[in-house]
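Below are the chains, spelled out letter by letter.
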Amino acid sequence: MAKVVCVLYEDPASGYPPPQARAGIPTIERYPDGQSTPTPSSIDFTPGELLGSVSGALGLRSFLEAAGHELVVTSDKDGADSVFERELADADVVISQPFWPAYLTADRISRAPQLKLAITAGIGSDHVDLQAAIDADITVAEVTYCNSISVAEHIVMMVLALVRNYIPSYQVVVDGGWNIADCVSRGYDLEGMQVGTVGAGRIGTAAMKRLKPFDVGLHYFDRHPLDPDVAADLEVTRHDTVESLVEACDVVTINCPLHPETERLFDARLLGRMRRGAYLINTARGKICDEDAVAEACASGQLAGYAGDVWFPQPAPADHPWRSMPHHGMTPHVSGTTLSAQARYAAGVREILECWLSDTPIRDEYLIVAGGSLAGAGAHSYSAGNVTAGSEDAARFRAD
Ligand code: NAD
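Residues numbered from 1 in each chain as written. Predicted model: local features only at pLDDT ≥ 70, side-chain atom pairs only at ≥ 80, totals over all residues. Heavy atoms only, no water.

Caption draft 1: Local environment of the nonpolar core. Judged by nonpolar contacts, the single largest core of 93 residues is most densely connected at L58 and I95. Excluding anything up to four places from it in sequence, L58 contacts C6, L8, F45, L51, G52, I95, Q97, A121, Y345, A346 and V349. Formed by 31 residues, the second largest nonpolar core is a distinct cluster that contains L258, L303, Y306 and A316. (Core = buried A, V, L, I, M, F, W, Y, C linked by side-chain atoms within 4.5 Å. Buried < 20%, exposed > 50% of the residue type's maximum accessible area, 1.4 Å probe, protein only. Contact = heavy atoms within 4.5 Å.)

So this is what it looks like as structure tokens:
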């Protein structure tokens, strides 16, 4: 029998379950490239429920416990005396969401001798030291595509929010004011701007498709070329270097994974190559940007705005500079954990567990590490190595 340790974010402060704003969610059977949404044998939840917090347990409890497995669910993930650290010692499987990542560092892996499978309930497995997972022959899998469209929608929202100065204008209303000049003195149309994505995979491509009707020019930088038909439909320009892309764009959106090649890619040097007054939207991973360099660029006007939902570490400490820098549109890490996305990744986690427990292959597209090397989506989109250094700082959120 297996021991499964599942780290999820805390329940709503107002209690669980929260009232539901809508009766349900649309049923989606295929992603835009034809890949099927998750196909577990069955599910024990109603799509649209809150599944990603502790009491939701990703809808896994009855499935695992009926089969005699042990399921531990906790939000207590940071620090040496955390429940996660304690339960890891004899865990076979760890499940974690990128929104509230249980950092699986080499040190933690070395103290989890039974660990065989790390599942990311979502997309983006950089919270796992992938090099250590490769060395320890731990399989790392994520639910590829489960929330790519959720994030693409969020990117469109954030691009428009920054360019049109939405958030400060909303605040004027909340504050009882009506000063139109204050609202519009930083407000522009998106039409005619040049928009580029670093990473043109599932999210980057979906974001470009959604932005094209705004009559913008599109650009991308990726290690892989786009399908020629997709590139022709989007009328998109491919750049050979990230510098070339940022120099050509008014709006840049980051959509590559965090791995050793992309760690702190957007540092003071690259930000300095951007057009003055450009907007930067990062829903990929916080550590792809240098946090102080971004804050300085927002303060100096080099960036007209920065928005995103990803930070490093997570949760971000109270004194993280992105909480207080000017012209930002930051939220906690929410874009990929809408109720719609949760239904897909909860089903995907169950699919992965069913495969692993019955010793049948996990879909290749879900694999990041398998058999001691990068595999599947991991081989396509990552490079081996470790980007978890500094993650222990997440414990400061509670200590502060
Ligand atoms: P994907 O694998 O479909 O696309 C990633 C693309 O990045 C690939 O085309 C890959 O070739 C490219 N890439 C990798 N390294 C690169 C490099 N050094 N330079 C340029 N391009 C590079 O994945 P996706 O579904 O589009 O997701 C991308 C990332 O977005 C995830 O890895 C994750 O970090 C992040 N994400 C965030 C959220 C959220 O809630 N904010 C949700 C899902 C995914």
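Caption draft 2: Focus on the sheet that holds strand 12 (residues 328–330). Ordered in space as 8-7-6-9-10-11-12, the seven strands form an open sheet in which the pairing is parallel. Edge strands, defined here as strands with exactly one partner in the open sheet, are strand 8 (236–238) and strand 12. With direction set aside, neighbouring strand axes in the sheet form an average angle of 15 degrees. In the sheet, strand 9 (residues 251–254) pairs with strand 10 (residues 278–282) via four bridges, with the strands oriented parallel. Looking across to strand 10, one finds that V252 is bridged to L280. Across the sheet, helix 5 (residues 148–163) touches strand 9, strand 10, strand 11 (303–308) and strand 12, and the angle it forms with strand 10 is around 150 degrees. (Pairing = 2+ DSSP bridges. Helix = DSSP H or I, 4+ residues; strand = E, 2+ residues; numbered from the N terminus. Axes fitted to C-alpha atoms, helices over the stretch in contact; angles between N-to-C directions.)

Caption draft 3: View of the pairing of strand 11. Extensive coverage of strand 11 is indicated by the burial of six of its six residues. Inspection of the sheet shows strand 10 paired to strand 11 by five bridges, in the parallel sense. Along strand 11, the bridge assignment pairs N282 with G308. Across three bridges, strand 11 lies against strand 12 in parallel orientation. From the neighbouring strand, A307 faces strand 12, where its bridge partner is G329.

Caption draft 4: Just the site of the ligand, in detail. Near the ligand there are 31 residues, and of these R202, I203, D222, T283 and S381 occur at the shortest range. At a separation of 2.9 Å, a nitrogen atom of the ligand approaches a polar side-chain atom of H259. Here a nitrogen atom of the ligand sits 2.8 Å away from a polar atom, N or O, in the main chain of T283. Computed on the free molecule, the ligand has an accessible area of 860 Å², of which 95% lies beneath the protein chains in the complex. Listing elements by their share of the shell around the ligand, those giving two or more residues are helix 5 and helix 8 (202–211). Residues belonging to the shell around the ligand are distributed by class as follows: eleven nonpolar, 14 polar and six charged. (Near = heavy atom within 4 Å. Polar contact = N/O pair within 3.5 Å; in protein donor to acceptor, adjacent residues only side chain to side chain. Areas by Shrake-Rupley, 256 points an atom, 1.4 Å probe, with all protein chains shown as cover. Nonpolar A, V, L, I, M, F, W, Y, C, P; charged D, E, K, R; others polar.)

Caption draft 5: Focus on the state of the cysteines. Applying the stated rule across the entire model yields zero disulfides. Cysteine C146 shares no disulfide, and the gap to the nearest cysteine sulfur, in C6, comes to 14 Å. C256 supplies the cysteine sulfur nearest to C289, a cysteine that is in no disulfide, at a spacing of 9.2 Å. Under the relative-accessibility criterion, C289 is labelled buried at 1%. (Disulfide = S-S within 2.5 Å.)

Caption draft 6: Expanded view of the environment of M193. Tracing the backbone through its elements, the reader meets M193 in the loop between helix 7 (180–184) and strand 6 (194–198). Given the relative accessible area of 13%, M193 is considered buried. Measuring from C-alpha to C-alpha, the distance between M193 and F214 comes to 9.2 Å, with 21 residues separating the pair along the chain. Residues in contact with M193, not counting those within four places in the same chain, are V163, Y188, V216, G217, D250, V251 and Y279.

Caption draft 7: View of the sheet that holds strand 14 (residues 373–374). Sheet architecture is open: seven strands sit in the order 2-1-3-4-5-13-14, paired in mixed fashion. The open sheet has two edge strands, strand 2 (70–74) and strand 14, and neither has a second partner. Bridge analysis of strand 3 (residues 93–96) against strand 4 (residues 117–120) gives four bridges, and the strand direction is parallel. Note on strand 4: the bridge partner recorded for V93 is L117. Contacting strand 3, strand 4 and strand 5 (139–142), helix 13 (residues 339–357) runs over the sheet at an angle of about 160 degrees to strand 4.

Caption draft 8: Region of interest: helix 12 (residues 291–300). Listing the buried residues of helix 12 in full gives A293, V294, A295, A297 and C298. Buried-residue contacts for helix 12 involve helix 11 (268–273) and strand 11. Where helix 12 begins, the capping side chain belongs to D290, and its oxygen is found 3.1 Å from the backbone nitrogen of D292. Immediately downstream of helix 12, the backbone of G301 shows phi near 95 degrees, a positive value.

Caption draft 9: Just the side chain of S125, in detail. Relative to the elements of secondary structure, S125 occurs in the loop between strand 4 and helix 4 (130–135). At 2.6 Å, the side chain of S125 and the side chain of E142 are in polar contact. Once you skip the residues sitting within four places of it in the chain, S125 turns out to touch T120, L130, V140, E142, I368 and Y382.

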